[in-house]
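One-letter residues, chain by chain:
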Amino acid sequence: MTTVLIIVLIAAAIGSGLVAGIFFAFSTFVMTAFSRLPAEQGIAAMNSINVTIVRSPFMLLFVPTAVLCLAIAVLAFLTWRGGTNIWMLAGAALYLFASFASTIVFNVPMNDALAKVGGGGPEATTLWATYLKDWTWWNHVRTVASLLASVAFVRALMLL
């Protein structure tokens, strides 16, 4: 059981760390670059990313890492050892709720709303300004949560 746990924790640490890096890129320069574009061009660029990402290797990282986190949570309860398991649960909760679930609850609906607005005009400009602010804020949450999840998994490994 220990070998399986180590492998799962390493995979989750790497997965959540890579996801944090992708989100970090969006938070630190992609969205800033998009904000410099006229609304029509920014919307088109973001909509293109939103269509592309669901068919990209990113999904082979993002979703399986969530599955690993579910497994880690179950293993934490089944192999309760105190401190180690608290770090395991913390990492799993951070990734599952603040990264994965917040994507579904906050970022995806904003992406869907953006996909319905085409072209320019005042409605698109207003939506784009709100989208940039709100989407980026939730992306910051996802970035920090994914990074902290990775740290928690590494800490759990150190305590094994």
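Only a predicted model underlies this, so the values are computations on that prediction, with no experimental measurement involved. (Residues numbered from 1 in each chain as written. Predicted model: local features only at pLDDT ≥ 70, side-chain atom pairs only at ≥ 80, totals over all residues. Heavy atoms only, no water.)

Overview of the pattern of salt bridges
What the rule picks out here adds up to one salt bridge. Asp 134 serves as the salt-bridge partner of Lys 133, at 2.9 Å between the closest nitrogen and oxygen. Assessed through its relative accessible area of 57%, Lys 133 is described here as exposed. Given the relative accessible area of 27%, Asp 134 is considered partly exposed. (Salt bridge = Lys/Arg side-chain N within 4 Å of Asp/Glu carboxyl O. Buried < 20%, exposed > 50% of the residue type's maximum accessible area, 1.4 Å probe, protein only.)

A short note on the nonpolar core
Within the largest apolar cluster, 24 residues are counted, with the highest numbers of intra-cluster contacts made by Leu 9, Val 19, Phe 62, Ile 72, Met 88, Tyr 95 and Phe 153. Going through the elements one at a time, helix 1 (2-35), helix 3 (59-78), helix 4 (83-115) and helix 5 (122-159) are the ones with two or more residues in this core. A per-element tally of this core places helix 3 first, with eight residues. Excluding anything up to four places from it in sequence, Leu 9 contacts Ile 72, Met 88, Phe 153, Ala 156, Leu 157 and Leu 160. Phe 34, Met 110, Trp 128 and Leu 132 belong to the second largest nonpolar core, which has 15 residues in total. (Core = buried A, V, L, I, M, F, W, Y, C linked by side-chain atoms within 4.5 Å. Helix = DSSP H or I, 4+ residues; strand = E, 2+ residues; numbered from the N terminus. Contact = heavy atoms within 4.5 Å.)

Concerning helix 2 (residues 39-53)
Taking 1.5 Å per residue, 15 residues should reach 21 Å; helix 2 reaches 21 Å between its end C-alpha atoms and fits that length. Within helix 2, the full set of buried residues consists of Ala 39, Gly 42, Ile 43, Met 46, Asn 47 and Asn 50. Buried residues along helix 2 cover an arc of 130° about the axis, so they all sit on one side. Of the surrounding secondary structure, the elements contacted by the buried residues of helix 2 are helix 1, helix 4 and helix 5. (Expected span 1.5 Å × (residues − 1). Arc of directions from axis to C-beta.)

Structural notes on the packing of aromatic side chains
One pass over the full model with this rule turns up eleven aromatic pairs. Between the aromatic rings of Phe 58 and Phe 62, the centroid separation amounts to 5.2 Å while the plane-to-plane angle is 20°, which identifies the pairing as stacked. For Phe 58, a relative accessible area of 12% corresponds to the buried category. Through a chain of ring-to-ring contacts, three or more aromatic side chains come together here, namely Phe 23, Phe 58, Phe 62, Tyr 95 and Phe 100. Just above the ring of Phe 23 sits the side chain of Arg 142; from NZ or CZ to the centre is 4.0 Å. (Phe/Tyr/Trp six-rings, centres within 6.5 Å; stacked < 30°, edge-to-face > 60°. Lys NZ or Arg CZ within 6 Å of the ring centre and 35° of its normal.)

What to know about helix 3
When the terminal C-alpha atoms of helix 3 are compared, their 29 Å separation across 20 residues agrees well with the 28 Å that a helix rising 1.5 Å per residue should span. Every buried residue of helix 3 is listed here: Leu 61, Phe 62, Thr 65, Ala 66, Cys 69, Ile 72, Ala 73, Leu 75 and Ala 76.

Some details on the environment of Ala 76
Position of Ala 76 among the secondary structure elements: in helix 3. Taking the C-alpha atoms as reference, Ala 76 lies 6.3 Å from Met 88; in sequence the two are twelve residues apart. Ignoring sequence-local partners within four residues, the contact set of Ala 76 consists of Asn 85, Met 88 and Leu 89.

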